[in-house]
Amino acid sequence: MVCHRVLLGLFAAAFPFVCFAAHDLAFVHAVDQEVRRDLALDLEQGLVESLEQPSSPSLMPFEKVRTRLLEGDDPRALLTLVEAELDAVKAVLRGGKASEDLIGRLDASRENLLRALVSRPRLGLVRECWSLRGLSLHLLEDKSGARRDYQRVLETDPSFRPDPRLFPLEARKEMEKVLLEASDTKWRVLSSDDVSSLGMRLGVGYLVVGHLQHLGPRDVLWKLDVFDVDAGRFVGEAELYFERVPGEIRRAAGEVAGLLRELLPGQELVEDEPEAEDSIEEVPDGLVDQREPAPDSIEADSIHVEKDDGPFAPVIEEPADREGISRGRWILAASVVALAAGGAAVYMGFAADQGPADLQIVFHYR
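Sequence order as written defines residue numbering, which begins from 1 separately in each chain. Owing to the predicted nature of the model, reporting of local features is limited to residues with pLDDT of at least 70; listing and counting of side-chain atom pairs is limited to 80 or more, with chain, interface and lining totals taken over all residues. Side-chain metrics rest on all non-hydrogen atoms present in the structure, leaving aside hydrogens and water.

1. Here we look at the overall build of the protein
Step number 1: Here a strand is any run of E in DSSP of at least two residues, a helix any run of H or I of at least four, and the numbering for each starts at the N terminus. Summing up its helical and strand segments, the protein has 10 helices and eight strands in all.
Step number 2: Only protein chains enter the accessibility calculation, which uses a 1.4 Å probe; a residue is then buried when its area is under 20% of its type maximum, exposed when over 50%, and partly exposed in between. Put simply, the protein has 366 residues, and 39% of those count as buried.
Step number 3: We call two residues contacting when some pair of their heavy atoms lies within 4.5 Å. In the protein, the share of contacts with a sequence separation of at least 24, taken over all contacts with a separation of at least 6, comes to 71%.
Step number 4: Element-wise, carbon and sulfur atoms account for 52% of the exposed surface of the protein, whose accessible area totals about 21,000 Å². To be clear on the numbers: accessible area is Shrake-Rupley with a 1.4 Å probe, and residue cover counts the displayed protein chains and nothing else.

2. Looking at the pairing of strand β3 (residues 219-228)
Step number 1: Of all 10 residues making up β3, nine are buried, and the element is well covered by its neighbours.
Step number 2: We treat two strands as partners when DSSP finds at least two bridges between them. Two elements, strand β2 (residues 206-214) and β3, share nine bridges in a ladder whose sense is antiparallel. Among the inter-strand pairings, tyrosine 206 is bridged to a residue of β3, identified as aspartate 228.
Step number 3: Hairpin connection from β2 to β3: four residues lie between these consecutive antiparallel strands.
Step number 4: A loop of four residues connects β3 with strand β4 (residues 233-243), the two strands running antiparallel in sequence, and glycine 232 in this loop sits at a positive phi of about 70°.

3. A word on the nonpolar core
Step number 1: Put simply, buried Ala, Val, Leu, Ile, Met, Phe, Trp, Tyr and Cys residues joined by side-chain atoms within 4.5 Å make one nonpolar core. Counting residues in hydrophobic clusters, the biggest one holds 47 residues, and the most contacted among them are Val28, Val65, Tyr150, Leu190, Leu198, Leu202 and Leu207.
Step number 2: Considering each element in turn, this core owes the most residues, eight residues, to helix α6 (residues 123-139).
Step number 3: Beyond its immediate chain neighbours, meaning those up to four positions away, leucine 198 contacts Val28, Leu69, Leu114, Leu117, Leu190 and Leu207.

4. Let's talk about unusual backbone geometry
Step number 1: You will see that glutamate 71, though not glycine, has its phi angle at about 50°, which is positive.
Step number 2: Note on placement: glutamate 71 falls in the loop between α3 (62-70) and α4 (75-94).
Step number 3: A positive phi angle, close to 70°, is found at glutamate 141, a residue other than glycine.
Step number 4: Take glutamate 141: it is sitting in the loop between α6 and α7 (143-156).

5. Here we look at the sheet that holds strand β1 (residues 25-31)
Step number 1: What the four strands build is an open sheet, ordered β1-β2-β3-β4; its pairing is mixed. Taken across any chain shown, the strands that pair with only one partner, and hence form the sheet edges, are β1 and β4. When strand polarity is set aside, the average angle formed by the axes of neighbouring strands in this sheet is 15°.
Step number 2: Examined bridge by bridge, β3 and β4 share 10 bridges and lie antiparallel to one another. Within the sheet, the bridge partner assigned to tryptophan 222 lies in β4 and is leucine 240.
Step number 3: To get an axis, fit a line to the C-alpha atoms, keeping to the stretch in contact for a helix; angles then go from 0 to 180 degrees between the N-to-C directions. Most of the contacts of helix α2 (residues 37-50) go to β1, to which it runs at about 160°, and overall it touches β1, β2, β3 and β4.

6. Quick word on the packing of aromatic side chains
Step number 1: Pairing of aromatic rings covers Phe, Tyr and the six-membered ring of Trp, with a centre-to-centre limit of 6.5 Å; geometry is then stacked below 30 degrees between planes, edge-to-face above 60, and tilted otherwise. Under the defined criterion, the tally for this structure stands at four aromatic pairs.
Step number 2: A centroid spacing of 6.3 Å and a plane angle of 50° characterise the contact between phenylalanine 27 and tryptophan 222, whose relative ring orientation is tilted. With phenylalanine 27 in strand β1 and tryptophan 222 in strand β3, this pair connects stretches of sequence that are 195 residues apart.
Step number 3: Summarising the aromatic geometry, the rings of tryptophan 222 and phenylalanine 242 are spaced 6.4 Å apart at their centres and angled 75° between planes, so their arrangement reads as edge-to-face.

7. Some remarks on the pattern of salt bridges
As a working rule, side chains carrying opposite charge can pair if their charged atoms are close by.
Step number 1: Should a side-chain nitrogen of Lys or Arg be within 4 Å of a carboxyl oxygen of Asp or Glu, the pair is scored as a salt bridge. By the definition in use, this model includes 27 salt bridges.
Step number 2: We note a salt bridge from arginine 122 to glutamate 83, for which the minimum N-O separation is 3.0 Å. Of the two residues, arginine 122 is situated in the loop between α5 (100-115) and α6 and glutamate 83 in helix α4; the sequence distance between them amounts to 39 residues.
Step number 3: Classification of arginine 122 by relative accessible area gives partly exposed; the value is 34%.
Step number 4: Relative accessible area serves as the criterion here: at 33%, glutamate 83 is assigned to the partly exposed category.
Step number 5: Put simply, lysine 223 and glutamate 237 hold a salt bridge, and the shortest N to O gap is 3.9 Å. Of this pair, lysine 223 sits in strand β3 while glutamate 237 sits in strand β4, and the two are 14 residues apart along the sequence.
Step number 6: Overall, lysine 223 belongs to the buried group, its relative accessible area being 3%.
Step number 7: You can call glutamate 237 partly exposed: its relative accessible area is 27%.
Step number 8: Through salt bridges that share partners, Asp107, Arg110, Arg133, Asp149, Arg152, Asp193 and Asp194 make up one connected network.

8. Section: α4
Step number 1: Between its first and last C-alpha, α4 extends 29 Å over 20 residues, near the 28 Å set by a 1.5 Å rise per residue.
Step number 2: If you check which residues of α4 are buried, you get Pro75, Leu78, Leu79, Val82, Leu86, Val89, Lys90 and Leu93. Each buried residue of α4 sits inside an arc of 100° when the element is viewed along its axis, so together they form one side. Turned more than 90 degrees off the buried face of α4, the exposed positions are Arg76, Thr80 and Leu81. Between the first and last residue of a helix there are one fewer steps than residues, each counted as 1.5 Å, and that sum is the expected span. This arc is built from the directions going out from the helix axis to the C-beta atoms.

Shown next, in the form of structure tokens:
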């Protein structure tokens, strides 16, 4: 694996103009043992088929996700290492002692759990790492740091309760306060810190973390969170209940693919608009005023607000007063840039002389 990376590095250095294919999006899936991996593979295949359109985001292949996270390590060996490390950390914490080294060991264990997520998901152990980290900071008198770690635990499981045999009364009360102060009642599959770490490992702009849960002989809950890695925040979520039948699996995958197209910038499907000349039957003769006011000084009555029309739809109309129109065949050029849905617009006009305008452009916007 190391040799492979070295060769890639040497190739990139020798041929800097070569660009390797990048991906907009990666998908990391945690699957309950009762659900089985084959259902996740069916859902993932449905996503691949739904995102094959040119306008869809580029999805990193799922096998590449697994390879990049594990880096050649055995997921079973990683879990065995984490379980032994957590037992050793808890033995130290029972004695009421903590250290920076202990926190580093917990962070390393949590990273190993995240790397093994696609093959051996242990979400409970990820939460335990955060809770033990919070307890360690509590013992080190870093109360604000402890509260942040407790928030990460409760972000993914609001029903979490610390072990009274390990957590002293004061630490349990602090976690209760964090729970009472929580304003968001939604739970995440993983905390934002964990998802951000996964996204940076994979080198993608967006990451979807999914959790397949067993609800009955045929019923499944699919919980998903969409995370913007660059912004460091969640931008979307979905919960889908469905049966383990082909039609329902395809429906669920299609709904998630639609959500991703809506959330990722520049990926939504846009119908081609007719060209401007299609809506202009005749352009009158004449020139327009070269000394037209600057964009910020356009008179209010030149803009018509009509909320029933589409956002920023230009309507070109002939002016009512046609006296003194100049004789050249100049056309007024204008463009509107929507800064945000329902937001402002930028106007750019080109004029020819001082005569009255041949055309009047009215901007309809929400």
